[in-house]
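So you can see what is in the structure, the chains are spelled out below.
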Amino acid sequence: MKLLQVDSSARASSVTRRLTAKFAEEWRKKHPDGEVIQRDLSATALPLITDDWGATQFEESKITPAQRSYLSTSDKLVEELQAADTVVIGAPMYNFSIPSSLKAWIDQIVRLGKTVGYGPNGPQGLLTKKKVVIITSRGSAYEKGSVREAFDFQEPYLRHILGFIGLTDVTFIHAENQAREEAAASFADAAERIGGIAIDQNQQVVAY
Ligand SMILES: Cc1cc2nc3c(=O)[nH]c(=O)nc-3n(C[C@H](O)[C@H](O)[C@H](O)COP(=O)(O)O)c2cc1C
C-alpha cells in the first residue's frame, strides 16, 4: 500500500501541513507495512509548461533528447501518482484558489496517454481506484449556501481537474476561518475528522 502526501503551503508550520501529517500518521497506523511518499511542492520549484510540453503528443521516436529531459519531471510525478493507492493533498487557499506550486504539479500530472486519454466520447480519465483526501485551509469561510460560496474557486476546480484524470473518489476536509477567532475550533474539528477516517483493507473510506 502506498500513500502519496502532497504539500503545497509556503509556510513550514502551516495548518495544512500539520493536518496532512496527521492524516499520514493515521494511515501508517492502519498500514504499518505501507509506504508514504512525500512530495513537498515548496521544496523544489517544478518546471512550468514550455513549448517542449507539446512533445507529450509525439510518438516516442519523434521526441528529442531535450524534450525527453524536459518531460522527465512529469514522468516521475505521474509514476508517483500512478503507484499511490491513496493521495492526501494539503491545499491552502491562496487568492480564492490554489497555490501556484500546486497548479504547477497539476500541469505536470495531467498527461495525455498517461493520466487522460481521448476516445470517441471525448476525454477519459485513466487513473482509477484511488482515494483522494484534500485538506484545505482558508482565512475565511466558504460554506455551502453562504454568500462567499461563489468565491471558492478551490474545491470546484480541484474536483473537476482530478475527475478529468479519473480521480472521482475525492473527500474534502476544510479548516476554515483561520484568520478569525474560530481558527482553533475549526482546526480541531478538521483534525478530529481526519482521526475518524477509517480505511478498510480494500481501501474503502468507510467513515468520516
Ligand atoms: C498569498 C495568500 C493568499 C491568501 N488568499 C486567501 C483567500 O483568498 N481567501 C482566504 O480565505 N484566505 C486566504 N489566505 C489565507 C490562507 O488561506 C490561510 O492563512 C491558510 O491557513 C493558509 O494555509 P497554510 O496554513 O497551510 O499555509 C491567503 C494566504 C496567503 C499567504
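Details of the structure are given in the entry above.
Residues numbered from 1 in each chain as written. Predicted model: local features only at pLDDT ≥ 70, side-chain atom pairs only at ≥ 80, totals over all residues. Heavy atoms only, no water.

1. Concerning the site of the ligand
Phase 1: Surrounding the ligand, one finds 16 residues, the nearest of these being S9, R11, T16, M93 and S137.
Phase 2: Within the side chain of R11, a nitrogen or oxygen atom sits 2.5 Å from an oxygen atom of the ligand.
Phase 3: In the environment of the ligand, an oxygen atom lies 2.7 Å from a nitrogen or oxygen atom belonging to the backbone of M93.
Phase 4: Burial of the ligand by the protein chains amounts to 72% of its free accessible area of 630 Å².
Phase 5: When grouped by side-chain class, the residues that make up the shell around the ligand number 6 nonpolar, 8 polar and 2 charged. (Near = heavy atom within 4 Å. Polar contact = N/O pair within 3.5 Å; in protein donor to acceptor, adjacent residues only side chain to side chain. Areas by Shrake-Rupley, 256 points an atom, 1.4 Å probe, with all protein chains shown as cover. Nonpolar A, V, L, I, M, F, W, Y, C, P; charged D, E, K, R; others polar.)

2. Remarks on the sheet that holds strand 6 (residues 131–137)
Strand pairing in a sheet relies on backbone hydrogen bonds, with the paired strands running either antiparallel or parallel.
Phase 1: Within the open sheet, the 5 strands sit side by side as 2-1-3-6-7. Their pairing is parallel. On the outer flanks of this sheet lie strand 2 (35–40) and strand 7 (170–175), each paired with one strand and no other. Within the sheet, the average angular offset between the axes of one strand and its neighbour, ignoring direction, is 15°.
Phase 2: Alignment of strand 6 against strand 7, held across 6 bridges, turns out to be parallel. Within the sheet, the bridge partner assigned to T136 lies in strand 7 and is H174.
Phase 3: Along the sheet face, helix 4 (residues 155–164) touches strand 3 (86–92), strand 6 and strand 7 and points at about 160° away from the line of strand 7. (Pairing = 2+ DSSP bridges. Helix = DSSP H or I, 4+ residues; strand = E, 2+ residues; numbered from the N terminus. Axes fitted to C-alpha atoms, helices over the stretch in contact; angles between N-to-C directions. Contact = heavy atoms within 4.5 Å.)

3. A word on the packing of aromatic side chains
Phase 1: Under the definition given, this model contains 2 aromatic pairs.
Phase 2: Seen from their ring centres, F96 and Y142 are 6.4 Å apart, and the 85° between their planes marks the pair as edge-to-face. Placement of F96 in the loop between strand 3 and helix 3 (100–109) and of Y142 in the loop between strand 6 and helix 4 is noted, with a sequence separation of 46 residues between them.
Phase 3: We classify Y142 as buried; its relative accessible area is 9%.
Phase 4: Consider the rings of F96 and F151, whose centres lie 6.2 Å apart with planes at 70°: the pair is edge-to-face. On the criterion of sequence distance, the pair formed by F96 in the loop between strand 3 and helix 3 and F151 in the loop between strand 6 and helix 4 is long-range, its members being 55 residues apart.
Phase 5: Members of the aromatic cluster, each reached through a chain of ring pairs, are F96, Y142 and F151. (Phe/Tyr/Trp six-rings, centres within 6.5 Å; stacked < 30°, edge-to-face > 60°. Buried < 20%, exposed > 50% of the residue type's maximum accessible area, 1.4 Å probe, protein only.)

4. What to know about the pairing of strand 2
The two faces of a sheet get side chains in turn, since along a regular strand they alternate between them.
Phase 1: Pairing of strand 1 (residues 2–7) with strand 2 involves 6 bridges; the strand directions are parallel. Bridge assignment links V6 to a residue of strand 2, and that residue is R39.
Phase 2: In the classification by handedness, the crossover that spans strand 1, the intervening helix 1 (residues 15–30) and the parallel strand 2 is right-handed. (Right-handed = clockwise from strand over helix to strand, strands pointing away.)

5. Points about unusual backbone geometry
Phase 1: Even without a glycine there, the phi angle at F96 is positive, about 70°.
Phase 2: What makes F96 partly exposed here is its relative accessible area of 40%.
Phase 3: With a phi close to 55°, K129 is a non-glycine residue in the positive phi region.
Phase 4: Mapped onto the elements, K129 comes out in the loop between strand 5 (122–125) and strand 6.
Phase 5: With a relative accessible area of 83%, K129 lands in the exposed category.

6. As for the nonpolar core
In globular proteins that are soluble, nonpolar side chains generally tend to be buried together.
Phase 1: Ranked by internal contacts, the top residues of the largest apolar core, which has 29 residues, are L102, W105, I134 and I165.
Phase 2: Looking at which element gives the most residues to this core, the answer is helix 3, with 5 residues.
Phase 3: If we ignore the near neighbours within four places in the chain, the residues touching I134 are I89, A91, L158, L162, V170, T171, F172 and I173.
Phase 4: Counting residues in each nonpolar core, the second largest holds 16 residues, with L19, F23, A191 and I197 among its members. (Core = buried A, V, L, I, M, F, W, Y, C linked by side-chain atoms within 4.5 Å.)

7. Topic: the packing of helix 2 (residues 65–83) against helix 3
Phase 1: The interhelical angle for the contact between helix 2 and helix 3, taken along N-to-C directions, is 90°, at an axis separation of 8 Å. Between helix 2 and helix 3, the angle is such that the two are roughly perpendicular. Contact residues: helix 2 offers Y70, T73, S74, L77, V78 and L81, while helix 3 offers W105, Q108 and I109.
Phase 2: For the contact of helix 2 with helix 3, a count of residues per class yields 6 nonpolar, 3 polar and no charged. (Parallel < 35°, antiparallel > 145°, perpendicular 65-115°, else oblique.)

Read these as spatial facts, not as claims about activity.
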